[in-house]
Amino acid sequence: MDLEKIIGTNIVRIRQLEGLSQTALANRIGLSRKQLCKIERGEVYPMADTIQRISNGLGVPVKELFTDPKSAVDVDLYTHSQRALEKLLPIISKMLVDGIIDDMVQSRLNKIEDLSVDAEAPSDNKSTN
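If you're wondering where the values come from, they're calculated on a predicted model, not measured in any experiment.

1. Observations regarding the overall build of the protein
1) Next: Of regular secondary structure, the protein possesses 6 helices and 0 strands.
2) Next: The order of helices and strands in the protein, counted from the N terminus, is α-α-α-α-α-α.
3) Next: Counting over 129 residues, the protein shows a buried share of 26%.
4) Next: Expressed as a percentage of contacts within the protein between residues at least 6 apart in sequence, the contacts between residues at least 24 apart total 61%.
5) Next: If you sum the accessible surface of the protein, you get close to 9,400 Å²; carbon and sulfur atoms cover 58% of it.

What follows is the structure, given as structure tokens:
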């Protein structure tokens, strides 16, 4: 696979992993969609500054664009899993905190209820005459 195809394939792969359309990426990096499309198809070799803008727009190091696409599958899976976890972490944390707070509140309510029951119960310490 020639270098233009490797770069183009990686741009498409990473762009899709990021959930970006060609138009969105093109707008983000200041290229026309038509020019980006040519780069993705491997029809043109992008200039160094364009490669830098593309990598910045995709949020990846420049070297990611030159990686053999066949070996990038494991990295994609890891990256996708990591991003999914990053999105879930705040939700899981909130659920845990809410659960802990609920447990604390329930524990306090149980103690209050126990105190109320103790206060209502007749005292066995009364002396009998």
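2. Notes on the environment of Q16
1) Next: As for its placement among the helices and strands, Q16 is situated in helix α1 (residues 3–17).
2) Next: Classification of Q16 as exposed rests on a relative accessible area of 54%.
3) Next: In sequence terms Q16 and L58 are 42 residues apart; their C-alpha atoms lie 9.9 Å from each other.

3. Comments concerning α1
1) Next: Taking 1.5 Å of rise per residue, the 15 residues of α1 would be expected to cover 21 Å, and the 21 Å separating its terminal C-alpha atoms lies within 8% of that figure.
2) Next: Within the sequence span of α1, burial applies to I6, I7, G8, N10, I11, R13, I14 and R15.
3) Next: Where α1 ends, the next residue or the one after it, G19, has phi of about 75°, a positive value.

4. Here we look at the pattern of salt bridges
1) Next: As enumerated under the stated definition, the model contains 5 salt bridges in all.
2) Next: R13 is the partner of E64 in a salt bridge, and the nearest nitrogen-oxygen pair spans 4.0 Å. Taken together, the residues span a long stretch of sequence, with E64 in helix α5 (residues 63–66) and R13 in helix α1 at a distance of 51 residues. Of the two residues, E64 and R13, neither departs from the other in class, the shared state being buried.
3) Next: We note a salt bridge from R53 to D49, for which the minimum N-O separation is 3.8 Å.

5. Focus on the packing of helix α2 (residues 22–29) against helix α4 (residues 48–58)
1) Next: At their nearest, the axes of α2 and α4 sit 9 Å apart, and the two run at 115° to each other. The two elements α2 and α4 meet at a crossing, and its hand is right-handed. Where α2 abuts α4, its residues L25, R28 and I29 lie against R53, I54, G57 and L58.
2) Next: Class assignment of the residues belonging to the contact of α2 with α4 gives a composition of 4 nonpolar, 1 polar and 2 charged.

What counts and how
Residues numbered from 1 in each chain as written. Predicted model: local features only at pLDDT ≥ 70, side-chain atom pairs only at ≥ 80, totals over all residues. Heavy atoms only, no water. Helix = DSSP H or I, 4+ residues; strand = E, 2+ residues; numbered from the N terminus. Buried < 20%, exposed > 50% of the residue type's maximum accessible area, 1.4 Å probe, protein only. Contact = heavy atoms within 4.5 Å. Areas by Shrake-Rupley, 256 points an atom, 1.4 Å probe, with all protein chains shown as cover. Expected span 1.5 Å × (residues − 1). Salt bridge = Lys/Arg side-chain N within 4 Å of Asp/Glu carboxyl O. Axes fitted to C-alpha atoms, helices over the stretch in contact; angles between N-to-C directions. Left-handed = near helix turned anticlockwise from the far one by under 90°. Nonpolar A, V, L, I, M, F, W, Y, C, P; charged D, E, K, R; others polar.

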